[in-house]
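# Structure at a glance
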Amino acid sequence: MSFFEQLQKETATERESLYRVPQIIDGMRGAISCETYIAYLGQAYHHVKHTLPLLMAAGSRISPEKEWLRRVFAEYIGEETGHEEWILNDIRLAGGDADAVRMAVPSLPVELMISYAWDLVLRRNPVGFFGMVFVLEGTSTALATHAAEAIQKSLNLKKDCFSYLLSHGSLDIGHMQFFEKNINRITDPQDQRDIIHTAQVIYHLFAEMFRSIPHERKEAA
C-alpha cells in the first residue's frame, strides 16, 4: 500500500463525516440560498488567505536532508498565489460585501483551523502541513465543480461568481496527481504520522466550518 492509499484509508471516517454535513449535501444539490453561498465564501476567504504564508513558512523550515520537499512547497506557492482575491471578487459579483468580509472575524472553526496549522508549521513539523493540503485539495477536486454548477443553476448567478470553486474543481485534478506523486516519496514514519493526524484534525474542523454557516434547507431549482 502506498502512503497516499494509507492516508486515504486512515482518514476515511473523518472524510465521510464531512460529506454528511447538511450544508455540503444541499450545496451539491443547489439547495442553498445566495446568503449561504456568500457566507461560505466569507469563511473560505479567511482560511485561504493564510495558505500562501503557511506554505512559505513551511518551506523555509524544511531540513536540508529533505530539500526536495522545499521545491514541492515552492510549486504550491506559485499555484496558490492570489486565490483569496478571487474569493472576494466572487463575493462582490454575487451581491455580497467583500470589504466587510475582509475585515470580519472568522468563525471559531476557521480560527482553530488556522491556529492549528500555524502551530504545526512553526512549532512541530512543517511536513505535517501536507495533511491540510490533502484535505483542501481533495475536497475541492471531489466537490467544487459539481457544487458550483448546481448552485449557479439554482440561484441563476453568472459563472463569474464561481471563479474560486471552478478553479478548484474537477479541472484542478492535476493538483491531486501532483500531490499523490510527491506524498508517496515521504517515507519518514514521523512525517507520515503527522500528515495523517493533521488531515484527521482538518477534516473535523472543516466540517465544523460548514456546520457554522447559516443555512435553511430549500428545494433545488
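Below is a short write-up of the structure. (Residues numbered from 1 in each chain as written. Predicted model: local features only at pLDDT ≥ 70, side-chain atom pairs only at ≥ 80, totals over all residues. Heavy atoms only, no water.)

Under the definition given, this model contains ten aromatic pairs. Plain terms: the ring middles of F4 and F134 are 6.1 Å apart, the flat faces sit at 85° to each other, and that makes the pair edge-to-face. Taken together, the residues span a long stretch of sequence, with F4 in helix 1 (residues 3-10) and F134 in helix 10 (residues 130-155) at a distance of 130 residues. A residue is classified by how much of its surface remains accessible, and F134, at 3% relative accessible area, is buried. (Phe/Tyr/Trp six-rings, centres within 6.5 Å; stacked < 30°, edge-to-face > 60°. Helix = DSSP H or I, 4+ residues; strand = E, 2+ residues; numbered from the N terminus. Buried < 20%, exposed > 50% of the residue type's maximum accessible area, 1.4 Å probe, protein only.)

The next thing to look at is the side chain of T11. Structurally, T11 can be placed in the loop between helix 1 and helix 2 (12-19). Not counting chain neighbours up to four residues away, the residues in contact with T11 comprise F134, I196, A199, Q200 and Y203. (Contact = heavy atoms within 4.5 Å.)

Our focus in this paragraph is unusual backbone geometry. Of all residues except glycine, most have a negative phi; of all peptide bonds, most are trans. Positive phi outside glycine occurs at N156, with the angle close to 60°. Tracing the backbone through its elements, the reader meets N156 in the loop between helix 10 and helix 11 (163-167).

Tracing the backbone through its elements, the reader meets H47 in helix 4 (residues 34-48). Ignoring anything within four residues of it in the chain, the contact list for H47 reads V110, M113, I114, L136, F206 and M209.

Of the residues making up helix 1, those classed as buried are F3, F4 and L7. The arc that holds the buried residues of helix 1, viewed along the axis, is 105°, so those residues lie on one side. (Arc of directions from axis to C-beta.)

One can find A12 in helix 2. For A12, a relative accessible area of 29% translates into the label partly exposed.

In the structure shown here, the tally under the stated rule is three cavities of 30 Å³ or more. Counted as a void, the largest cavity has a volume near 550 Å³. As for the largest cavity, its lining consists of 32 residues, and the residues nearest its centre are Y40, S140, Y164, L165 and F206. Looking at the lining of the largest cavity element by element, the count peaks at ten residues for helix 10. When the residues that make up the lining of the largest cavity are grouped by side-chain class, the tally is 21 nonpolar, nine polar and two charged. Of the volumes computed, that of the second largest cavity is approximately 40 Å³. (1 Å grid on protein atoms, 1.4 Å probe; cavity = no way out; pocket = protein on both sides within 12 Å on 5 of 7 lines; lining within 4 Å. Points joined across faces, edges and corners; volume = space filled by probe spheres on them. Nonpolar A, V, L, I, M, F, W, Y, C, P; charged D, E, K, R; others polar.)

On to helix 4. Taking 1.5 Å per residue as the helical rise, helix 4 with its 15 residues ought to reach 21 Å, and the 21 Å between its terminal C-alpha atoms agrees with that figure. Buried residues dominate helix 4, accounting for 13 of its 15 residues. (Expected span 1.5 Å × (residues − 1).)

Across the interface, helix 4 lies against helix 7 (residues 83-93) with an axial gap of 9 Å and an inter-helix angle of 160°. Taken together, the axes of helix 4 and helix 7 are roughly antiparallel relative to one another. Seen from above, helix 4 lies across helix 7 with left-handed handedness. Taking contact as the criterion, the partners of Y37, I38, L41, G42, A44, Y45 and V48 in helix 4 are, on helix 7, H83, E84, I87, L88, D90 and I91. Among the residues making up the contact of helix 4 with helix 7, the classes are represented as nine nonpolar, two polar and two charged. (Axes fitted to C-alpha atoms, helices over the stretch in contact; angles between N-to-C directions. Parallel < 35°, antiparallel > 145°, perpendicular 65-115°, else oblique. Left-handed = near helix turned anticlockwise from the far one by under 90°.)

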